[in-house]
Amino acid sequence: YEAALCAFRKISLRQTPSAAFRCRISRPDNTWSMTESASGSTLSVTLIPPEPAAARFVLTMFAVPPGYPAKTILDGRINTLAGILGPLEIVESSQVKIAGKTAARVLYRVRDPKQGSAPAPPISENCLFVDGANGYLFKLAFPEGSEEGVRPAFDAILSSFELVP
């Protein structure tokens, strides 16, 4: 993996490529840090803004059984998260284009009925598309009310993503 990754690496340190998943993604600017982690056949790239409390972005790449639609996978993920975290409020469900592919998108927050006057939970946005046998899950989490501040960076990250032939 490391040899293939290094052989694929561009001169720009603002980008990280993945030879195994045939893609590249860039940080919005040099103030963001980027880390990679692998677990089995899954690879995650985490991008962290200069103020980490502002937002968190993770791209997770994984193998997908042939013929599985992105929406089916994302719906399964949301159901699993609801079983782990508790009730989820779906704020919005739609589609977006990423690297020319149609991605299923869901914006949600965890709703704790015992929350009372505690601070609002973070909002999470998940976008997922499938390309062949590879799944690409883009996850963004941000405090409620801060979307205007993080949206341009998230859009820049999504725009920077490219599939490499």
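Use the structure listed above.
Small disclaimer: the values here were computed from a predicted structure and weren't measured.

Conventions and cut-offs
- Residues numbered from 1 in each chain as written.
- Predicted model: local features only at pLDDT ≥ 70, side-chain atom pairs only at ≥ 80, totals over all residues.
- Heavy atoms only, no water.
- Helix = DSSP H or I, 4+ residues; strand = E, 2+ residues; numbered from the N terminus.
- Buried < 20%, exposed > 50% of the residue type's maximum accessible area, 1.4 Å probe, protein only.
- Contact = heavy atoms within 4.5 Å.
- Areas by Shrake-Rupley, 256 points an atom, 1.4 Å probe, with all protein chains shown as cover.
- Pairing = 2+ DSSP bridges.
- Axes fitted to C-alpha atoms, helices over the stretch in contact; angles between N-to-C directions.
- Core = buried A, V, L, I, M, F, W, Y, C linked by side-chain atoms within 4.5 Å.

**Quick word on the overall build of the protein**
Alright, step 1. If you tally the helices and strands in the protein, you get three helices and 10 strands.
Alright, step 2. The secondary structure elements of the protein, listed N-terminal to C-terminal, are α-β-β-β-β-β-α-β-β-β-β-α-β.
Alright, step 3. Counting only residues that meet the buried cut, the protein has 41% of its 165 residues in that class.
Alright, step 4. In the protein, once contacts between residues fewer than 6 apart in sequence are set aside, the share between residues at least 24 apart is 45%.
Alright, step 5. When the accessible surface of the protein is totalled, it reaches about 8,700 Å², and 57% of it is carbon and sulfur.

**What about the sheet that holds strand 3 (residues 33-39)?**
In a beta sheet, neighbouring strands are held together by backbone hydrogen bonds and run either parallel or antiparallel to one another.
Alright, step 1. Strand order in the open sheet formed by seven strands is 3-4-5-9-8-7-6, and the pairing between neighbours is antiparallel. Each having just a single partner strand, strand 3 and strand 6 (88-98) make up the two edges of the open sheet. Along the sheet, successive strands turn relative to each other by an average axial angle of 15 degrees, direction set aside.
Alright, step 2. Looking at chain direction, strand 6 and strand 7 (residues 101-110) are connected through 10 bridges and run antiparallel. Along strand 7, the bridge assignment pairs glutamate 92 with leucine 107.
Alright, step 3. Across the sheet, helix 2 (residues 70-85) touches strand 5 (56-63), strand 6, strand 7, strand 8 (123-131) and strand 9 (134-142), and the angle it forms with strand 7 is around 15 degrees.
Alright, step 4. Sheet strands in contact with helix 3 (residues 147-160) are strand 4 (42-48), strand 5, strand 6, strand 7, strand 8 and strand 9, and its direction is about 160 degrees off that of strand 9.

**What about the nonpolar core?**
Alright, step 1. Counting 27 residues, the largest nonpolar core has Tyr136, Phe138 and Phe161 as its most contacted members.
Alright, step 2. Those elements giving two or more residues to this core turn out to be strand 2 (23-26), strand 4, strand 5, strand 7, strand 8, strand 9 and helix 3.
Alright, step 3. At five residues, helix 3 tops the list of elements feeding residues into this core.
Alright, step 4. Look past the residues within four positions of phenylalanine 161 in its chain and what remains in contact with it is Cys23, Arg24, Ile25, Leu59, Ile98, Ala99, Phe129, Tyr136 and Phe138.
Alright, step 5. Counting 13 residues, the second largest nonpolar core, distinct from the first, contains Ile73, Leu81, Leu88 and Leu137.

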